[in-house]
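Now for the letters of each chain:
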Amino acid sequence: ADTYNAIPASVLGGNKQAWRKNEHGRQFPGGSDTGIGWSYYRYPHIASSAWLGLALLQKPSEDSPVNHHANPYGVPQKPLPEVGSNLQCLPSKI
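Residues numbered from 1 in each chain as written. Predicted model: local features only at pLDDT ≥ 70, side-chain atom pairs only at ≥ 80, totals over all residues. Heavy atoms only, no water.

1. Considerations on the overall build of the protein chain
And step 1. For the protein chain, the helix and strand inventory stands at two helices and two strands.
And step 2. In sequence order, the secondary structure elements of the protein chain are arranged as α-β-β-α.
And step 3. Among the 94 residues that make up the protein chain, the fraction classed as buried is 16%.
And step 4. Look at the contacts in the protein chain between residues 6 or more apart in sequence, and 36% of them connect residues 24 or more apart.
And step 5. For the protein chain, the exposed surface amounts to about 8100 Å²; the carbon and sulfur share of it is 58%. (Helix = DSSP H or I, 4+ residues; strand = E, 2+ residues; numbered from the N terminus. Buried < 20%, exposed > 50% of the residue type's maximum accessible area, 1.4 Å probe, protein only. Contact = heavy atoms within 4.5 Å. Areas by Shrake-Rupley, 256 points an atom, 1.4 Å probe, with all protein chains shown as cover.)

What follows is the structure, encoded as structure tokens:
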């Protein structure tokens, strides 16, 4: 992330000309081949950056413990309160 200020789509270097040669064992094979007609190159990639950000929520540093409840799509650590007949979006007291 320091070099690109983002996460690249692939850790493999190369360009489209290298990818067309189809020599996957080379030092710069032309990015990561998807197998369906295109390659991901070593350029900034929004989805890769987003997935890394989600992963770092669980363990932001080497010394920090793993937070198993950091997944925003996971089951919350504390159960959600009962709604009952109160349908307002936010409680009056937080």
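2. Describing the environment of Gly53
And step 1. Topologically, Gly53 is positioned in helix α2 (residues 46–58).
And step 2. Put simply, Gly53 and Ile7 are 46 residues apart on the chain and 9.7 Å apart in space, counted from C-alpha to C-alpha.

3. Some words on the confidence of the model for the protein chain
Parts of the model with low pLDDT should not have their predicted coordinates read in detail.
And step 1. Chain-level pLDDT for the protein chain is 79 on average; 86% of the residues reach the 70-or-more range.
And step 2. Averaged over each element, pLDDT in the protein chain is lowest for helix α1 (residues 16–21) (74) and highest for α2 (87). (pLDDT = per-residue confidence, 0-100.)

4. So, a nonpolar patch on the surface
And step 1. Together, Ile36, Trp38 and Tyr40 line one region of the surface with nonpolar side chains, adding up to about 330 Å² of accessible area.
And step 2. As for its position among the elements, Tyr40 is in strand β2 (residues 39–40). (Patch = residues over 30% accessible without salt bridge, like charges linked within 9 Å, V, L, I, M, F, W, Y side chains within 5 Å. Salt bridge = Lys/Arg side-chain N within 4 Å of Asp/Glu carboxyl O.)

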